[in-house]
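Examining the three-dimensional arrangement
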Amino acid sequence: MKQEIKKVYIETMGCQMNKSDTERILGILSNFNYEETNKPENADLLMVNTCSIRQLSEDKAFSQLGVWGKWKQDKPDLKIGICGCVAQQKGRKIFSRAPYVDFVLGTHQIYSLPDIIKKINSGEKVCACEETNLPTINEEGFPINRVKSTNAWINITEGCNNFCTYCIVPYTRGRERSRLPETIIKEVKDALNAGFKEITLLGQNVDSYGKDFPTKQTDKPELKNYRLAELLKDLNKLEGKFRIRFVTSYPTDITDELIKTVVELDKVCEYFHIPMQSGSSEVLKAMNRRYNRETYAKIVEKVRKMVPDVTITSDFIAGFPGETEEQFKETLTAIDEFELDYCNVAAYSPREKTVAAKWTDKFIPEDVKNERFQRLNKKIQENCLKSNLKYVGREMEVLVESFYEHKGEKINTGKTRNFKTVHIPCNKDLTGEFVNVKITGAKTWYLKGEKI
Ligand code: SAH
Ligand code: SF4
Ligand code: F3S
């Protein structure tokens, strides 16, 4: 008898790590007769893939679960699961807060999903959150249901060892583990065969890729000195026209060898995401970042000098505990001084278990945090426009990512090698193509270009 096809809907919150996990989860479920739906009301299985980087993201997860929980009254067979960073952090406690949840799946246990599905379908409640320090290996060779796009995101490291005092990630993702090059290269080849044109290598700290190989029980002595630069060289050898990017870089882990590799390899793009977090050396120390303003300056200067047209983006936190107005102003001046092309900003949010969350006497009032957040955003907008204006009149290669109509005009939009967004008015859908354009104008968030 043919097995009934069930429908699964996954709401994904948070960073690329979660988006990439969702693709793997959908791949696993597809082997067990689950097909993805984009309509939650049609689903037999609802999952929320959660983020706990800020309180707001965590609250969003529980309010989503609350909405779905009510649906169970009319649909008693409906199953609800929570995975991702909140699941890993809270474990079983989730069952008391949200009793309609059938399973809690931690970030280390994605490949135990087949077993979980069997159990919940026979009425059990399951929590799979034990931490393992193994990479979440794909033992069964399950497919990965990648979101249709031009860009495939491929994890190269998981977890983080840095323990910045504000950050929950080391608690939700565990210690840093590097995935084996052969696994990564296979995933890249599969993505290229499926038509993806850009590969983004993903990790909390990509430039420490491979540092764990010498200490790991591996039967591969050749991996002793295998780092991000070596991986990039191996990937650059793969046939076909495609681009390679990598995020995120920890400032002091960027080696000269890596920068040189970026310059030399034709497929690797001129783009670095190097979060600074604060422009003040004292705040950086309190954050347990392993650099100060001067060392960050030297790294950015070196990258700019060696890599022509490089785009450097960053992340900053506004209102870290104890941050004075003077120290905050150092962040504003850092964005100017280092000519950061774009930055993500967030107001500090205390996270359970982290060191800084205990410094309650130093917490900055919400209104001050928000006001600093606004000032940072304004500065970033100014700099973004300044950075974009540099490219007016230049010829650049754009990989087109999407095609749409806006106010009666048909537009292709895509990215340059150095991660600038370009809008190209053109009646033909060029999605997935590399197009040479002349940049004719610059706005805050994008460039305008004409196809040559
Ligand atoms: N591994 C990356 C960042 C991962 S988290 C790095 O080291 O830079 C993404 C961003 O979220 C961080 O760069 C930081 O700016 C922000 N963030 C992390 N914890 C936060 C918190 N408790 N409050 C506000 N922002 C936070
Ligand atoms: Fe969090 Fe710091 Fe690790 Fe980045 S490096 S994930 S900010 S602990
Ligand atoms: Fe990512 Fe959020 Fe977890 S940023 S690693 S999903 S806490």
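Keep in mind the model is a prediction, meaning the values are calculated, not measured. (Residues numbered from 1 in each chain as written. Chains lettered and ligands numbered in written order. Predicted model: local features only at pLDDT ≥ 70, side-chain atom pairs only at ≥ 80, totals over all residues. Heavy atoms only, no water.)

Comments concerning helix H7 (residues 181-193)
Taking 1.5 Å as the rise per residue, H7 with 13 residues should run 18 Å; its terminal C-alpha atoms sit 18 Å apart, in good agreement. Those residues of H7 not exposed but buried are Pro 181, Ile 184, Ile 185, Glu 187, Val 188, Ala 191 and Leu 192. All buried residues of H7 project into a common sector of 160 degrees when viewed along the axis, lining one side. Exposed positions of H7 whose direction lies more than 90 degrees from the buried face are Lys 186 and Asn 193. Where the residues of H7 are buried, they touch strand E7 (151-155), strand E10 (198-202) and helix H8 (228-236). Of the residues trailing H7, Gly 195 is marked for its positive phi of about 100 degrees. (Helix = DSSP H or I, 4+ residues; strand = E, 2+ residues; numbered from the N terminus. Expected span 1.5 Å × (residues − 1). Buried < 20%, exposed > 50% of the residue type's maximum accessible area, 1.4 Å probe, protein only. Arc of directions from axis to C-beta. Contact = heavy atoms within 4.5 Å.)

What about the site of ligand 1?
Surveying the vicinity of ligand 1 reveals 15 residues, the closest of which are Gln 204, Pro 275, Gln 277, Asp 315 and Ser 349. The backbone of Gln 204 places a nitrogen or oxygen atom 2.9 Å from a nitrogen atom of ligand 1. Within the contact set of ligand 1, an oxygen atom lies 2.6 Å away from a side-chain nitrogen or oxygen of Asp 315. Alone, ligand 1 offers 540 Å² of accessible surface; in the complex the protein occludes 87% of this. For the shell around ligand 1, the secondary-structure elements that each account for two or more residues are strand E13 (311-318) and strand E14 (342-347). Of the residues in the shell around ligand 1, the class split is 7 nonpolar, 4 polar and 4 charged. (Near = heavy atom within 4 Å. Polar contact = N/O pair within 3.5 Å; in protein donor to acceptor, adjacent residues only side chain to side chain. Areas by Shrake-Rupley, 256 points an atom, 1.4 Å probe, with all protein chains shown as cover. Nonpolar A, V, L, I, M, F, W, Y, C, P; charged D, E, K, R; others polar.)

Re the packing of H8 against helix H9 (residues 256-264)
Pairs of packed helices are described in terms of their axes, by the angle between the two and the distance that separates them. Look at H8 against H9: their axes get within 9 Å of each other, and the N-to-C directions meet at 20 degrees. The pairing of H8 with H9 is recorded here as roughly parallel in orientation. At the point where H8 passes H9, the crossing takes the left-handed sense. On the side of H8, the interface is formed by Leu 228, Ala 229, Glu 230, Leu 232 and Lys 233, while H9 contributes Glu 257, Leu 258 and Thr 261. Class assignment for the residues of the contact of H8 with H9 results in 4 nonpolar, 1 polar and 3 charged. (Axes fitted to C-alpha atoms, helices over the stretch in contact; angles between N-to-C directions. Parallel < 35°, antiparallel > 145°, perpendicular 65-115°, else oblique. Left-handed = near helix turned anticlockwise from the far one by under 90°.)

Here's the deal with the pattern of salt bridges
This model, assessed by the stated rule, comprises 37 salt bridges. Among the ionic pairs, Glu 187 bridges to Arg 179, the shortest N-O distance being 2.8 Å. Assigned by exposure class, Glu 187 and Arg 179 land together as buried. A salt bridge links Lys 369 to Glu 366; the shortest N-O distance between them is 3.1 Å. Here Lys 369 pairs with Glu 366, and both are found in helix H13 (residues 366-389), just 3 residues apart, close to one helical turn. Taken together, the shared-partner salt bridges connect Glu 323, Glu 325, Lys 329, Glu 371, Arg 372 and Arg 375 into one network. (Salt bridge = Lys/Arg side-chain N within 4 Å of Asp/Glu carboxyl O.)

Topic: the pairing of E14
Across 6 bridges, E13 lies against E14 in parallel orientation. If you follow Thr 313 over to E14, its bridge partner there is Tyr 342. Once you follow E13 into helix H12 (residues 325-337) and on to E14, the crossover reads as right-handed. (Pairing = 2+ DSSP bridges. Right-handed = clockwise from strand over helix to strand, strands pointing away.)

Structural notes on the nonpolar core
Core analysis: the largest hydrophobic core is formed by 67 residues, its most contacted members being Ile 199, Leu 201, Leu 228, Leu 231, Leu 232, Phe 246 and Phe 272. In terms of residue count, the dominant contributor to this core is H7 (5 residues). Residue contacts for Leu 228: discarding those within four places in its chain leaves Ile 156, Leu 201, Val 206, Asp 207, Tyr 209, Phe 246 and Leu 258. Counting residues in each nonpolar core, the second largest holds 22 residues, with Ile 94, Phe 95, Ala 98 and Val 104 among its members. (Core = buried A, V, L, I, M, F, W, Y, C linked by side-chain atoms within 4.5 Å.)

Points about the sheet that holds strand E11 (residues 243-247)
Read from one edge of the open sheet, 3 strands run E7-E10-E11, paired in parallel fashion. In this open sheet, the two edge strands, each paired with only one partner strand, are E7 and E11. Neighbour-to-neighbour, the strand axes of the sheet open up by a mean angle of 25 degrees, direction not taken into account. As paired strands, E10 and E11 are joined by 5 bridges and run parallel to one another. Opposite Thr 200, over in E11, you have Arg 245 as the bridge partner. Contacts from H8 reach E10 and E11 within the one sheet, and its direction differs from that of E11 by about 160 degrees.

Section: the environment of Ala 357
For Ala 357, the location among the structural elements is in the loop between E14 and H13. Between the C-alpha atom of Ala 357 and that of Arg 375, which follows or precedes it by 18 residues, the distance is 24 Å. Those residues in contact with Ala 357 that sit more than four places away from it in its chain are Tyr 348, Pro 350, Arg 351 and Phe 363.

Comments concerning the site of ligand 3
The full set of residues close to ligand 3 is Cys 15, Asn 18, Cys 51, Ser 52, Ile 53, Cys 85, Arg 173 and Gln 204. Tallied by class, the residues present in the shell around ligand 3 amount to 4 nonpolar, 3 polar and 1 charged.

Thoughts on unusual backbone geometry
Among all residues save glycine, negative phi is the norm, and among peptide bonds the norm is trans. In this structure, Thr 248 follows Val 247 across a cis peptide bond, with omega equal to 0 degrees. Relative to the helices and strands, Thr 248 is located in the loop between E11 and H9.

Topic: the sheet that holds strand E12 (residues 271-273)
The strands that make up a sheet pair up through hydrogen bonds in the backbone, lying either parallel or antiparallel. Pairing in this open sheet of 3 strands is parallel, and the strands run E12-E13-E14 from one edge to the other. The open sheet has two edge strands with one neighbour each: E12 and E14. Sheet twist, expressed as the average angle between the axes of neighbouring strands with direction ignored, equals 15 degrees. Strands E13 and E14 of the sheet are contacted by H13, whose axis makes an angle of about 175 degrees with E14.

What about empty space enclosed by the protein?
The rolling of a water-molecule-sized probe over the atoms marks out the regions of remaining empty space. Under the definition given, this model contains 3 cavities of 30 Å³ or more. By volume, the largest cavity is sized at about 70 Å³. Along its surface, the largest cavity is lined by Met 17, Asp 21, Arg 24, Thr 107, His 108, Asn 155, Glu 158, Gly 159, Arg 173 and Arg 177. Take the lining of the largest cavity: its biggest share by element is 3 residues, from helix H1 (residues 16-30). (1 Å grid on protein atoms, 1.4 Å probe; cavity = no way out; pocket = protein on both sides within 12 Å on 5 of 7 lines; lining within 4 Å. Points joined across faces, edges and corners; volume = space filled by probe spheres on them.)

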